[in-house]
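Fold and geometry: a report
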Amino acid sequence: MTEPLSAPLTRRHGLLWACGVSSLAFARQLHAAPPAAAEAQDQLARIQASRVLRVAVPQDFPPFGFTQHGELLGFDISIAKMLAADLGVVVKLIPVASADRIPALLEDRADLIVSSLGKTPEREKSIDFSTTYAPTYLGVFGQQAWSQEELAKQNGLRLGVAQGSLEETLAKALLPQAQVQLFKGSAPLLAAYTAREIDVFAGGNVLVESITDNFVRVKVRRLAVLKESPCYIGLRKNEPRLKARVDKFLVDVKTSGALMVNATKWFRQSFSPDMFK
């Protein structure tokens, strides 16, 4: 005899009903994105959960990053440490060569790149960039107290520059009357300047900081800016929360003056406050 629909549920009916509900809930869970998995896809959430910020930094590029007595020091190292402190996490410094900066980020060996990274259209295809943070530029340097206008009027000036570099083209355009001497690298260029074989030299402002003779370095002046070449923090694509957080940090350290203090410490002779404007 068939049970009426209004009959009470038997134990067997109850188990079947419960199993049916459980199966339906389980099926829904399979098709829904797990909250933990969704959160893990967000890099900022992952950093906060692990309480560790992995940063790719330079290992042999003073003043940005170098090793002294077994400790990593430099402008970028300080930035990485300040950012980790701002996030309330521990920093893990990952020294990398220039060619390995972007691969370290894309292969998830690092969360960010703080390693004198410049922005190019090609790099923008694979990673995102923060706002600028480093006052780097290409310029002309020497011991004379000339303004850029006075420098451009000099005739017969002995100008040293690395052959095939961007600054070679820019310096020749600025100083068409100069006697240009080309060098195969920064080491012979600085050696010639130290020996007074050239009057001025063109290069990145970080080149000034690599002059080992302090007596010479303290006399070097910035005579002209050829091209601003700022540095950015590199991030993986599609991480808007992390990018916003990094950009906010950079605004805060600029406003507070902490970034200027850090730059003044590491870019002793070539730093210009104008680069932060």
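In case you missed it, the structure is sitting above this.
Residues numbered from 1 in each chain as written. Predicted model: local features only at pLDDT ≥ 70, side-chain atom pairs only at ≥ 80, totals over all residues. Heavy atoms only, no water.

Some points on the sheet that holds strand E3 (residues 65-68)
Cut-off, in case you're wondering: Strands were regarded as paired on the criterion that DSSP finds at least two bridges between them. Note on conventions: DSSP H or I runs of at least 4 residues are helices, E runs of at least 2 residues are strands, and numbering of each starts at the N terminus.
Across the sheet, which stays open at both edges, the three strands sit in the order E2-E3-E4 with antiparallel pairing between neighbours. Two strands bound the open sheet, and with one partner strand each, they are strand E2 (60-61) and strand E4 (71-73). Here E2 runs beside E3; their pairing, made up of two bridges, is antiparallel. Bridge pairing in E3 links Asp60 to Phe66.

Concerning unusual backbone geometry
Cis geometry marks the peptide bond from Pro62 to Pro63, where omega comes out at 5°. Looking at where Pro63 falls in the secondary structure, it is placed in the loop between E2 and E3. A positive phi angle, close to 65°, is found at Asp108, a residue other than glycine. Along the polypeptide, Asp108 turns up in the loop between helix H5 (101-106) and strand E6 (112-117). Here the phi dihedral of Asn238 falls at roughly 60°; this positive angle occurs in a residue that is not glycine.

Here's the deal with the pairing of E6
Here is the rule we go by: The cut-offs for exposure are 20% and 50% of the maximum accessible area for each residue type, with area from a 1.4 Å probe on protein chains only; residues under the lower value are buried, those over the upper are exposed, and the others partly exposed.
When you tally the buried positions in E6, you get six out of six residues, the bulk of the element. The sheet contact formed by strand E1 (residues 52-58) and E6 spans two bridges and is parallel. Directly across from Ala56, in E6, lies its bridge partner Ile113. With two bridges joining them, E6 and strand E13 (residues 231-236) adopt antiparallel strand pairing. Bridge pairing in E13 links Leu117 to Tyr232.

Quick word on the packing of aromatic side chains
Where we set the bar: To pair, rings of Phe, Tyr and Trp, with the six-membered ring standing in for Trp, must have centres within 6.5 Å; the planes then decide the type, stacked if under 30 degrees apart, edge-to-face if over 60, and tilted in the middle.
Under the defined criterion, the tally for this structure stands at ten aromatic pairs. Between Phe75 and Tyr133, the aromatic rings sit 6.0 Å apart at their centres with planes inclined by 5°, giving stacked as the arrangement. Taken together, the positions of Phe75 in helix H4 (residues 75-87) and Tyr133 in strand E7 (residues 127-134) put the pair 58 residues apart, joining distant regions of the chain. Relative to Phe201, the ring of Tyr193 lies with its centre 4.9 Å away and its plane at 70°, an arrangement referred to as edge-to-face.

Describing the packing of helix H3 (residues 43-50) against helix H12 (residues 240-256)
We apply this condition: In this analysis, axes come from line fits to C-alpha atoms, helices being fitted only over the stretch in contact, and the angle between any two N-to-C directions falls in the range 0 to 180 degrees. Each angle receives one of four descriptions, namely roughly parallel if under 35 degrees, roughly antiparallel if over 145, roughly perpendicular if within 65 to 115, and oblique otherwise. We call two residues contacting when some pair of their heavy atoms lies within 4.5 Å. The classification used treats Ala, Val, Leu, Ile, Met, Phe, Trp, Tyr, Cys and Pro as nonpolar, Asp, Glu, Lys and Arg as charged, and all other residues, Gly among them, as polar.
At a minimum axis separation of 6 Å, H3 and H12 run at an interaxial angle of 70°. Classified by the interaxial angle, the pair formed by H3 and H12 is roughly perpendicular. Residues Gln43, Leu44, Ala45 and Ile47 of H3 form the contact with H12, whose own contacting residues are Arg241, Leu242 and Arg245. Class assignment for the residues of the contact of H3 with H12 results in four nonpolar, one polar and two charged.

A closer look at the environment of Phe61
Note that Phe61 resides in strand E2. Counting along the chain gives 55 residues from Phe61 to Ser116, while the straight-line C-alpha distance between them is 8.9 Å. The residues contacting Phe61, other than those within four sequence positions of it, are Ser116 and Val206.

Quick look at the sheet that holds E13
Taken in spatial order, the five strands of this open sheet run E5-E1-E6-E13-E7, and their pairing is mixed. Of all the strands in the sheet, just strand E5 (90-96) and E7 have a single pairing partner and so form its edges. The average angle at which neighbouring strand axes cross in this sheet is 25°, direction not considered. Pairing of E1 with E5 involves seven bridges; the strand directions are parallel. Bridged to Leu53 within E5 is Val91. Along the sheet, H4 contacts E1, E5, E6, E7 and E13; its crossing angle with E1, the most-contacted strand, is approximately 170°. Packing against the sheet, H12 makes contact with E6, E7 and E13, and its axis sits at approximately 5° to E7.

Here we look at the pairing of E13
For E13, the buried fraction is high: six of the six residues fall into the buried class. Covered by surrounding structure in E13 are Cys231, Ile233 and Leu235 together with Tyr232, Gly234 and Arg236, the residues of both alternating faces.

Notes on H12
An α-helix turns once per 3.6 residues; consequently, residues spaced three or four apart project the same way. Convention followed: To estimate the expected span of a helix, count its residues, drop one, and scale the result by 1.5 Å. Note that the arc is defined by the directions from the helix axis to the C-beta atoms.
In this model, H12 (17 residues) spans 24 Å end to end at C-alpha, consistent with the 24 Å of a helix rising 1.5 Å per residue. Every buried residue of H12 is listed here: Leu242, Val246, Asp247, Phe249, Leu250 and Val253. The buried side chains of H12 occupy one side of the element, clustering within an arc of 155° when seen end-on. The exposed set on the far side of H12, more than 90 degrees from its buried face, consists of Pro240, Thr255 and Ser256. Buried-residue contacts for H12 involve H3, H4, E6, E7, E13 and helix H13 (258-266). Two residues or fewer past H12, Gly257 is found with a positive phi of approximately 95°.

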